[in-house]
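Observations on the model geometry
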Amino acid sequence: KIDSLESFSLDSLPNLMNILLIDAQIAELKANAFHNLTTIPSISFKQTRSQLKIISSCSFCNFTNLKNIDLTDQSIEIIPSLAFSNNPNLESIHLIHNPLKLIGSFSFVNLGKLVFIGDPLSSNLETIESNAFMNLGSLKKLSFTNHPIEILKADAFIGLFNTKELVLERNKIWRIEE
């Protein structure tokens, strides 16, 4: 049983192409846990029983070839600042069925090819902080439907220059703060 994946724990495997995390029961990813694994095209916790609860800032940072991150059916409540930053080829992040409550500032930064962020569908999202989505030039649609979001920061969606559709249906938004 692995409770957490520590920082730099896989650093000595720079040519690794695949990680199987089936039944690993990982609850926490520390910052830079996947550091130096620049060749990996995909990371998936989807079919594991890990019940990942905590991802740290820069848990998924600075990958050269990473195209997909699948965190479906986990227990993640907070996306911290810089969690998914500086991945030039990342195309999709699946967060479906996570009890997300907070998306931190600069959580999704410099992801020029990102076209999909899977809506958590958890009905728990309360806060989207300032500058949460920066420099996402390829993202066409962003959807957070049916959440208890009440207050949005005015600059929460700065950086979505080419986004054509922002869906905030069935939320409790009553104020946009500066």
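In what follows, the accompanying structure is described. (Residues numbered from 1 in each chain as written. Predicted model: local features only at pLDDT ≥ 70, side-chain atom pairs only at ≥ 80, totals over all residues. Heavy atoms only, no water.)

1. Details of the sheet that holds strand β3 (residues 42–44)
We count it as follows: Strands pair, by our definition, only if DSSP identifies at least two bridges between them. Elements are defined by DSSP. Helices are runs of H or I of four residues or more, strands are runs of E of two residues or more, and each kind is numbered from the N terminus. Axis definition: a line fit to C-alpha positions, over the contact stretch in the case of helices; interaxial angles, taken between N-to-C directions, run 0 to 180 degrees.
Pairing in this open sheet of four strands is parallel, and the strands run β3-β5-β7-β10 from one edge to the other. Since the sheet does not close on itself, it has two edges, and those belong to β3 and β10 (116–118), each with one partner. With strand direction ignored, the average angle separating the axes of adjacent strands in the sheet is 0°.

2. Some points on the state of the cysteines
This is how the line gets drawn: Pairs of cysteine sulfur atoms within 2.5 Å are identified as disulfides in what follows. Each residue is placed in one exposure class: buried if its accessible area under a 1.4 Å probe, protein chains only, is under 20% of its type's maximum, exposed if it is over 50%, and partly exposed if it falls in between.
Scanning all chains against the criterion turns up one disulfide. Across a sulfur-sulfur distance of 2.3 Å, Cys 58 and Cys 61 are joined as a disulfide pair. Disulfide Cys 58-Cys 61: torsion about the S-S bond near -140°, hence left-handed. Each member of the pair, Cys 58 together with Cys 61, is buried.

Shape descriptors only; they carry no functional weight alone.
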